[in-house]
Amino acid sequence: MTKRTVSAGVIGLVTYTLLYYSGYPPVIRATAAGLCCFCLYELACATDSIKNEALFTISILAAAFSCFWELPQEAVLAGICLAVSIPLFALMMIFQPKVKLKSGLSFGILAVLVCGQLRSMIDVRGLPGGLHLLLICITECYATDVAAYLVGSKYGKRKLLPRVSPNKTLLGSVAGMGAAVAFCLVYGLGLRLFGGYRVSFGLLAVYGVIANVLAQFGDLSMSVVKRVTGIKDYGNLIPGHGGLLDRFDSLIFVLPFTLVFCHFTGGFLM
């Protein structure tokens, strides 16, 4: 528990420091590229595609290049990624025993979807109030993880999806939802009182609920990949947590959703 807490503190410090300087385009782009490339490495190891040097090298270069290249219609592309990845991972959870991911094709599909969604952080940062939007995205995911872990591990009895993630409980999931939505509303109140923003609390509440569902779905999605490929963690980079995908899996769906939500609704910050 101590190791996990210390690691979370260090990761949080690094994350928020990078966010502080994310107004400089090279910083946010380099951060996105680093996260995408490292997550690709972990996916390649999980699917055994690390042995295919040509495929792995091309994938890493493409992921890094995409983070420094202006893509047209970013919100539309993010929406397409969500429309493909949500049913795909849902089907993987349903048909888990029959799914096989030890192939270059599987790695390629996972790589495109995961990196295509994670790079949305660049476009979210470019929106009006982008720094606050990223802070809400990331901290909501942290709040979900912490509340679900603390409440679920102590009081949770009924398992959420035991075949996918044996340790997650229904009570922990509800606690995560409550903590995430509460954080969003409190942060919105702070922006209204001290940040000079007009905040649509109705839209913010809707965003908080949907984003939390997607955060938990992202966690489960990466868990089902671990179950199918037969690994416990994606790595040991973060003591007590595992790899970067073990720590940032919740963001995979939340980041593109935030971009799409703000694009089509105008956002909750005005």
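What this report covers is the structure whose coordinates are included nearby. Remember, predicted model here, so these are calculated numbers, not experimental data. (Residues numbered from 1 in each chain as written. Predicted model: local features only at pLDDT ≥ 70, side-chain atom pairs only at ≥ 80, totals over all residues. Heavy atoms only, no water.)

So, empty space enclosed by the protein
By rolling a water-sized probe across the atoms, one finds the places where empty space is left. For clarity, the threshold we go by: Only protein atoms enter the 1 Å grid used here. Points where a 1.4 Å probe fits but cannot escape make up a cavity, open sets with protein on both sides within 12 Å along at least five of seven lines make up a pocket, and a residue lines them when an atom lies within 4 Å of a point. Grid points are joined across faces, edges and corners, and a volume is the space filled by probe spheres set on the points. Think of it this way: any DSSP run of H or I at least four residues long counts as a helix, any run of E at least two long counts as a strand, and we number them from the N terminus.
A complete count under the given rule lists one cavity of 30 Å³ or more for this structure. In this structure, the largest cavity encloses a volume near 30 Å³. Lining the largest cavity we find Cys 141, Tyr 142, Asp 145, Arg 247, Phe 248, Ser 250 and Leu 251. Within the residue set of the lining of the largest cavity, elements represented by two or more residues are α7 (130-155) and α10 (244-248). Looking at which element gives the most residues to the lining of the largest cavity, the answer is α7, with three residues.

Focus: the pattern of salt bridges
Inclusion rule: Here, a salt bridge means any Lys or Arg side-chain nitrogen found within 4 Å of an Asp or Glu carboxyl oxygen. Exposure categories follow from relative accessible area, calculated using a 1.4 Å probe and restricted to protein chains: below 20% of the type maximum is buried, above 50% is exposed, and the middle band is partly exposed.
Evaluated as defined, the whole model comprises seven salt bridges. Close ionic contact of Lys 102 with Asp 48 constitutes a salt bridge, the shortest N to O distance being 3.6 Å. One end of the pair, Lys 102, is in the loop between α4 (74-94) and α5 (104-118); the other, Asp 48, is in the loop between α2 (25-46) and α3 (53-66), and 54 residues separate them in sequence. Accessibility expressed as a relative area gives 44% for Lys 102, which makes it partly exposed.

Re the layout of surface pockets
Applied cut-off: Ten residue types, Ala, Val, Leu, Ile, Met, Phe, Trp, Tyr, Cys and Pro, are classed as nonpolar, four, Asp, Glu, Lys and Arg, as charged, and the remainder, Gly among them, as polar.
Taken as a whole, the largest pocket holds about 820 Å³ of empty space. Of all elements in the fold, only α7, β1 (159-161), β2 (165-169), α8 (170-194), α9 (201-229) and α10 reach the threshold of two or more residues within the lining of the largest pocket. The dominant element in the lining of the largest pocket, judged by the number of residues it contributes, is α9, at seven residues. For the lining of the largest pocket, the residue count by class is six nonpolar, 14 polar and 12 charged.

Things to note about α8
Three- or four-residue spacings in an α-helix give side chains the same orientation, since the helix completes a turn every 3.6 residues. Heads up, the rule is: Expected helix span is taken as 1.5 Å per residue step, with the number of steps being one fewer than the number of residues. Any two residues whose heavy atoms approach within 4.5 Å at even a single point are treated as in contact.
For α8, built from 25 residues, the straight-helix expectation of 36 Å at 1.5 Å per residue is met to within 8% by its first-to-last C-alpha distance of 36 Å. Listing the buried residues of α8 in full gives Gly 172, Ser 173, Ala 175, Gly 176, Ala 180, Val 181, Cys 184, Tyr 187, Gly 188 and Leu 191. Of the surrounding secondary structure, the elements contacted by the buried residues of α8 are α7, β1, β2 and α9. Once α8 finishes, Gly 196 follows within two positions and takes phi at roughly 75°, a positive value.

Side note on the packing of aromatic side chains
Our working rule: Classification of ring pairs uses Phe, Tyr and Trp, with its six-membered ring standing for Trp, and accepts pairs whose centres are within 6.5 Å; under 30 degrees between planes counts as stacked, over 60 as edge-to-face, and the remaining range as tilted.
One pass over the structure, following the stated rule, counts 13 aromatic pairs. Look at Phe 257 and Phe 261: their rings are 5.5 Å apart centre to centre, the planes differ by 50°, and that puts the pair in the tilted class. With Phe 257 and Phe 261 both in helix α11 (residues 251-265) and four residues apart, the pair spans about one turn of that helix. A relative accessible area of 10% places Phe 257 in the buried class. Overall, Phe 261 belongs to the buried group, its relative accessible area being 8%.

So far we have only geometry, and geometry alone does not tell us how the molecule works.
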